[in-house]
Amino acid sequence: MTLLQLEAISYQKQNKMILQVDELSLKRGDHIGIIGPNGAGKSTLLNILAMLEPPTSGTITFDGMKINPNKIPISLRHRTASVFQHSQRFDMTVFQNVALGLKIKGIAKNEREQRVHEWLTRFRIDHLSNEHAYNLSGGEAQRMNLARAFALEPEALFMDEPFSALDAPTKASLMYELKSILRERDITAIFVSHDLLEIEAMSEKLAVIIDGRIIQKGNVRDVLNAPSDIAAPFLHAWNQLKQGLDPGVQ
Amino acid sequence: MELIVSGLSEAFRMIIELDRDIFDITWLTLRVCILATLISMIIGIPLGMLLALKHFIGRRFLIVLAQAGMGLPPVVAGLWVTIFLWRSGPLGSIQWLFTPTAIVIAQVVVSLPIIISLTYAALQRLDPQLKKQLKALGPTRLQYGWFLLREARFGIVAAVMAGLGRVLAEVGAAQMVGGNLLGDTRILTTAMVMEVSRGNFDVAFALSFILMTIAFLITFLLTYFQQRQVIR
Ligand SMILES: Nc1ncnc2c1ncn2[C@@H]1O[C@H](COP(=O)(O)OP(=O)(O)O)[C@@H](O)[C@H]1O
Ligand SMILES: [Mg+2]
């Protein structure tokens, strides 16, 4: 069952075509990775999918509803959550940061507190609950952002390079935790990265975007086994890098 | 030297003995300046938010206007308020000229652009990514504005301090529209100008100490509040 669909999407800035997507649909429960080199248009695509940036033209359908991108109903926003590359810290405690979305959503205090603690614990930062968000390390702050997103119990979760600012060990443990949570909850997850290793770890489906166009999409295995001519050089570079590494590394 | 020493001792005597006139002048100054700043806040903060968050026709012009208004010489503001409130002026019939209300109006005119511009600047400085994150949480317009304001509170407090500092220090407009009438529209700055011109340095010293103390205390309180928010 399709949760989110883009059709004939284009996005221009200052008369420059930045993104063109003929069709992209996400099924409920899909974990889809969007990969591409820097400047390919990944963030632009994610922002359009997350309905945070209206496209220049095209149609967005969410759960069967045609969306007017310039007038997103609040109730719809409350069904999605987003996490960005640079963790967004509001000038308040960790607890308040995670509770912010729930507060905005109008969730009652008791349930709010219970959910915040659940997710702080889940991301192993419950001991930092009363710490000011500005005092967190990069990894802790990204845990906080993920906790904020999951506490909202979204149907769709949009992540724009959530780990790319983290060091390797932090990235590895957080990726592992995130994946296990995604497996147990029925959340549609869209994960942007320029790192194939991350994408392979996080998602079953893949869309390769180069120069503002989706070059290839499908199951991660299928795409990697038979990359298209345009996608091949980019993916090949990653394969070479991986071969140079211990094949057991995940 | 003698002049300074005797002036200072006399000033302290007046302050300690709570000289009636000095007390009245101080009390009026506080009421007028705080009221003017409050009005400027109530009008200026929402306007600054509007300029920072909404894109509408004429927005650029209003931003420039507010910024230019920061440099408006108080005497010019005084002139225009006087003309409007003059007996035969457009608002002459309400007879506000030479009342504390006129001083409040003039002070709002000089502090409003400061509060608008600095509120606008404080909101402009917020990380666009943070705004995007907030928007993604699905706030109502009111919630969106409130949480951004909360994020910018450091800058907003600075805006209010600057506005208050301006009205406390301002003398030209208050003199012009208030007339410096004892027990009615005489405030610390206008009283000082008068006492100095009469050579009453002791009284001027006393007034200046009170003015400085008020300015310092208010700045201290607001800075304390501001820092407490930041450090936690
Ligand atoms: N506001 C903008 N104005 C002009 N160009 C932009 C704007 N935002 C993005 N771009 C351009 O669009 C392209 C895609 O950007 P982005 O989606 O951020 O790429 P990615 O996330 O894949 O690195 C880049 O070439 C970038 O320079
Ligand atoms: Mg990007």
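Residues numbered from 1 in each chain as written. Chains lettered and ligands numbered in written order. Predicted model: local features only at pLDDT ≥ 70, side-chain atom pairs only at ≥ 80, totals over all residues. Heavy atoms only, no water.

Where an unreviewed UniProt entry is consulted, chain B appears under the name Tungstate transport system permease protein, with the organism given as Texcoconibacillus texcoconensis. Regarding chain B, the UniProt comment filed under Sequence similarities (unreviewed entry) reads as follows: "Belongs to the binding-protein-dependent transport system permease family." (UniProt positions renumbered as here; feature names shortened; annotations may be inferred.)

As recorded in an unreviewed UniProt entry, chain A goes by the name Tungstate transport system ATP-binding protein, listed as coming from Texcoconibacillus texcoconensis.

Trainee: Teacher, can you tell me more about the UniProt feature "domain: ABC transporter" (unreviewed entry) in chain A here?
Mentor: The residues that UniProt annotates with the feature "domain: ABC transporter" (unreviewed entry) are residues 4-236 of chain A. A helix fraction of 38% and a strand fraction of 27% characterise residues 4-236 of chain A, whose end C-alpha atoms lie 30 Å from each other. (Helix = DSSP H or I, 4+ residues; strand = E, 2+ residues; numbered from the N terminus.)

Trainee: Please clarify how the interface of chain A and chain B should be interpreted in this entry.
Mentor: Accessible area lost during the coming together of the parts is what is often quoted as the interface size. Contacts between the two partners involve 24 residues from chain A, matched on the other side by 19 residues from chain B. Where chain A abuts chain B, roughly 2,100 Å² becomes buried across the two surfaces, and 58% of that area is made up of carbon and sulfur atoms. Counting every contact that joins chain A to chain B gives 1 salt bridge. A salt bridge links Asp91 of chain A to Arg153 of chain B, with the nearest nitrogen and oxygen atoms 3.4 Å apart. Counting the contacts that link chain A with chain B gives 10 residue pairs in polar contact (both at pLDDT 80 or more). Only helix 2 (74-77), strand 6 (80-83), helix 3 (94-105) and helix 5 (138-151) of chain A provide two or more residues apiece to the side of chain A that touches chain B. For the side of chain A that touches chain B, the element with the most residues is helix 3 of chain A, which contributes 5 residues. When its residues are assigned to classes, the side of chain A that touches chain B shows 9 nonpolar, 10 polar and 5 charged. (Contact = heavy atoms within 4.5 Å. Buried area = accessible area lost by both parts, 1.4 Å probe. Salt bridge = Lys/Arg side-chain N within 4 Å of Asp/Glu carboxyl O. Polar contact = N/O pair within 3.5 Å; in protein donor to acceptor, adjacent residues only side chain to side chain. Nonpolar A, V, L, I, M, F, W, Y, C, P; charged D, E, K, R; others polar.)

Trainee: For this particular structure, what's the right way to read the packing of aromatic side chains?
Mentor: Two aromatic rings are characterised by how far apart their centres lie and by the angle between their planes. Overall, the coordinates contain 7 aromatic pairs over all chains when judged by the stated rule. Between the aromatic rings of Phe123 of chain A and Phe150 of chain A, the centroid separation amounts to 5.8 Å while the plane-to-plane angle is 40°, which identifies the pairing as tilted. Pair noted here: Phe123 of chain A is in the loop between helix 4 (109-122) and helix 5 and Phe150 of chain A is in helix 5, with a separation of 27 residues, a long-range link. Between Phe163 of chain A and Phe191 of chain A, the aromatic rings sit 5.8 Å apart at their centres with planes inclined by 45°, giving tilted as the arrangement. With Phe163 of chain A in the loop between strand 7 (156-160) and helix 6 (168-184) and Phe191 of chain A in strand 8 (residues 188-193), this pair connects stretches of sequence that are 28 residues apart. For the residue pair Phe163 of chain A and Phe191 of chain A, the accessibility class agrees, reading buried in each case. Ring pairing ties together the aromatic residues Trp119, Phe123 and Phe150 of chain A, which thus form one cluster. One residue, Arg87 of chain B, lies across the ring of Trp86 of chain B, its end atom 6.0 Å from the ring centre. (Phe/Tyr/Trp six-rings, centres within 6.5 Å; stacked < 30°, edge-to-face > 60°. Buried < 20%, exposed > 50% of the residue type's maximum accessible area, 1.4 Å probe, protein only. Lys NZ or Arg CZ within 6 Å of the ring centre and 35° of its normal.)

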